[in-house]
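Fold and contact review
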Amino acid sequence: MTSHWDPSKNNLIVITKAKDNQLVSFTKNLAEWLIFTPRFGREHPFVVYVDGHLKDSSRFNIAQSIEENPIWESNLKYWTPKLCYKSPNLFHLIITLGGDGTILFTSTMFQANVPPIMPFHLGSLGFLAPFPFTSYREHLTRLFDGELESKTNRMRLSCTIYKYRADPYCLLRDKRGCQSDKIWRTKAPTNSDNTISEQDKKYKWEMMETVWMQRVINRATKTMPEDVDILNNKVMCYSTYPTTNIHVLNELVIDRGPNSSISVLELFVDDDHLTTVQADGLCIATATGSTAYSLSANGSLTHPDMQCILVTPICPHTLSFRPMLLPSNATIRVLIPFGSRNTAYCSFDGRHRIELKHGDHIKITVSPHSVDTVSATNTSNDWFSSVQTCLQWNHRQRQKSFVIIEDESKKSDTQNEPTATSGDVKKMSESEEYQLFDKVDHDLIPWTEEELANELDGK
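It should be emphasised that the depicted structure is a prediction, and the values quoted were computed from it without experimental measurement.

Calculation criteria
- One numbering rule holds for all chains: residues counted from 1, following each sequence as written.
- In keeping with the model being predicted, local features are shown solely for residues with a pLDDT of at least 70 and side-chain atom pairs are shown and tallied solely at 80 or more, while totals for entire chains, interfaces and linings include all residues.
- Just so you know, side-chain values use all the structure's heavy atoms and leave hydrogens and water out.
- Runs of E in the DSSP output that reach at least two residues are strands. Runs of H or I that reach at least four are helices, and both are numbered from the N terminus.
- Relative accessibility decides the category of a residue: with a 1.4 Å probe and only protein chains considered, values under 20% of the type maximum give buried, values over 50% give exposed, and everything between is partly exposed.
- Pairs of residues are marked as contacts when any of their non-hydrogen atoms sit within 4.5 Å.
- Working definition of accessibility: Shrake-Rupley area with a 1.4 Å probe, residue cover restricted to the visible protein chains.
- Here the arc refers to the set of directions running from the helix axis out to each C-beta atom.
- Inter-axis angles, ranging from 0 to 180 degrees, are taken between N-to-C directions of lines fitted to C-alpha atoms, where helices are fitted over the stretch in contact.
- Crossing handedness: left-handed means the near helix sits turned counterclockwise from the far one by under a right angle, and right-handed means the same turn made clockwise.
- For this classification, Asp, Glu, Lys and Arg are treated as charged, while Ala, Val, Leu, Ile, Met, Phe, Trp, Tyr, Cys and Pro are nonpolar and the rest, including Gly, are polar.
- The predictor attaches a confidence to each residue, and that confidence, scored 0 to 100, is pLDDT.
- Helix span, expected: 1.5 Å multiplied by one less than the number of residues in the helix.
- Aromatic contacts are taken between Phe, Tyr and Trp rings whose centres are within 6.5 Å, Trp giving its six-membered ring; a plane angle under 30 degrees counts as stacked, one over 60 as edge-to-face, and the others as tilted.
- For the handedness criterion, the strands are oriented away from the viewer, and a crossover whose path from the first strand over the helix to the second runs clockwise is classed as right-handed.
- Think of it this way: DSSP has to see at least two bridges between two strands before they count as a pair.
- Among the buried residues, those of types Ala, Val, Leu, Ile, Met, Phe, Trp, Tyr and Cys that are joined through side-chain atoms within 4.5 Å form a nonpolar core.

Each helix and strand in the chain was counted, giving 13 helices and 19 strands. Among the 459 residues that make up the chain, the fraction classed as buried is 45%. Counting contacts in the chain only where the partners sit at least 6 residues apart, residues at least 24 apart contribute 69% of the total. Total accessible area on the chain is roughly 25,000 Å²; 49% of this is exposed by carbon and sulfur atoms.

Along helix H6 (residues 136–144), the positions that sit buried rather than exposed are Tyr-136, His-139, Leu-140, Leu-143 and Phe-144. All buried residues of H6 lie within an arc of 135° about the axis, which places them on one face of the element. Where H6 is buried, its residues meet strand E1 (11–16), helix H1 (22–36), strand E4 (93–98), strand E5 (117–121), strand E6 (131–132) and strand E19 (371–374). Among the residues trailing H6, Gly-146 stands out with phi positive, at a value near 85°.

Two elements in contact, H1 and H6, have axes separated by 12 Å at closest approach and are oriented at 40°. Here the hand of the crossing between H1 and H6 comes out right-handed. In this structure, H1 uses Asn-29, Leu-30, Trp-33 and Leu-34 to contact H6, whose residues at the interface are Tyr-136, Arg-137, Leu-140, Thr-141 and Phe-144. The residue inventory of the contact of H1 with H6, partitioned by class, reads 6 nonpolar, 2 polar and 1 charged.

Moving on to the confidence of the model for the chain. Confidence along the chain averages 80 in pLDDT terms, with 71% of residues attaining 70 or more. Ranking the helices and strands of the chain by mean pLDDT puts strand E10 (residues 251–255) first, with 97, and helix H7 (residues 172–176) last, with 46. Confidence over residues 171–190 falls short of pLDDT 50; this stretch has 66 contacts with residues more than four positions distant or in other chains. Of the regions scoring below 50 in pLDDT, residues 196–209 engages in 53 contacts with residues more than four places distant in sequence or in other chains.

A separate point is H1. The periodicity of an α-helix, 3.6 residues per turn, causes residues three or four places apart in sequence to face the same way. The terminal C-alpha atoms of H1 lie 22 Å apart, and with 15 residues this matches the ideal 21 Å at 1.5 Å per residue to within 8%. Listing the buried residues of H1 in full gives Leu-23, Val-24, Thr-27, Lys-28, Leu-30, Ala-31, Trp-33, Leu-34 and Ile-35.

Going through the model one piece at a time under the given rule, you end up with 13 aromatic pairs. Between the aromatic rings of Phe-91 and Phe-110, the centroid separation amounts to 6.1 Å while the plane-to-plane angle is 80°, which identifies the pairing as edge-to-face. Here Phe-110 lies in the loop between helix H5 (100–109) and E5 and Phe-91 lies in the loop between helix H4 (81–86) and E4, a separation of 19 residues in the sequence. Here Phe-91 falls in the buried class, since its relative accessible area comes to 3%. Ring-pair connections join several aromatic residues into one group, and the members of that group are Phe-26, Trp-33, Phe-120, Phe-131, Phe-133 and Tyr-136.

One face of the sheet, then the other: side chains in a regular strand alternate in exactly this way. In terms of residue burial, strand E2 (residues 47–51) counts as a mostly covered element, since 5 of its 5 residues are buried. With H1 bridging E1 and its parallel neighbour E2, the resulting β-α-β unit is right-handed. Bridging between E2 and strand E3 (residues 76–79) involves 4 bridges; their strand directions are parallel. Within the sheet, the bridge partner assigned to Val-50 lies in E3 and is Tyr-78.

Attention shifts here to the nonpolar core. Ranked by internal contacts, the top residues of the largest apolar core, which has 32 residues, are Leu-34, Ile-95, Met-118 and Leu-140. Take this core: its biggest share by element is 7 residues, from H1. Counting residues in each nonpolar core, the second largest holds 29 residues, with Val-248, Ile-309, Val-311 and Ala-330 among its members.

Laid out in structure tokens, this is it:
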């Protein structure tokens, strides 16, 4: 039994791909249809929010529309990124006109709760947008009539950047000579007066963390008793603070940026040090993002219903660093060690590019705020269709069969000549396809193994 759209949910937001003037008129037509098509016993059932930039658009020309019908003024409003960020629950449905980038932009604006998304394909790829805009009236009517109930729940990742700073209250810094606020890897060399020499810089620990790192170092002291005093004291010099938290739908990418040398990153999963990454970068993606940057870096295609995190190296300088899938409850940390020659850069769904300096790290967990997109049929069907049509997955010209079916209209007049019987034809398979082919008369049949052997033997 289908359930109709709740008439009280009447605030719809239309997010249109930018820098495409043709879509401005499409947005106007869509808004007009939504506002002036009677539904649910109301003459004007919806309040439609469009991009604030269209308020002064000559192509959108809302002033003339208001003069012709004042309903435009009360039922057409404008959204801004701030409104979406501050009041996500104001909207009941998001309609996107564009491609995958428009959906990612929508996810960026709605960092908390995200209303269901109805994506119409008007972009370049449209992997996440299964609905063609040419039939938007039909699809939206089906949605409001309760015929489109299937939704794809897309997991997001919560990414928090922690910046390093020296603890201003670390009283042991001057005593230990820790001018650059680094942790000792081994006992530091001392001068005759027991002060730290200038050669200590090459003995610094290359990986850093804050409160979490303290636990790691405390465990390390059990296997390094000779350095227990230095480790316990020097870790007190560290402090980090969160600066940015972003929820991504596709992926977090940490790369070397404009630097010419490879990135050196320390990768932790939960409380375990997984590996030292020496590569152009690291892509940490969701199942939805498995068909984006992760795919370009040889990551696995992953069904969007899979609750997992993809860790894919970007051009690793090793033959054995392969992509992997981690469970969704894993906590991932990526640190920029002080031993790295350069800083690193990170981006979130291709936006908000931020430099990560030595000692900074990112913590990645599953976001509590997922994204629901309306499915044309169901999640699997939409995804398989997109993989096949958008990515041309395993698309190849089919290998020709040994059997050639001759058009009856083009048969020659030599039908009375002796022809091979079905018993003379070697069957390629017992499938229905080849069983059908075997019933056809053949002018040219494959060479049998016996005939080939006789030819080679010169018989």
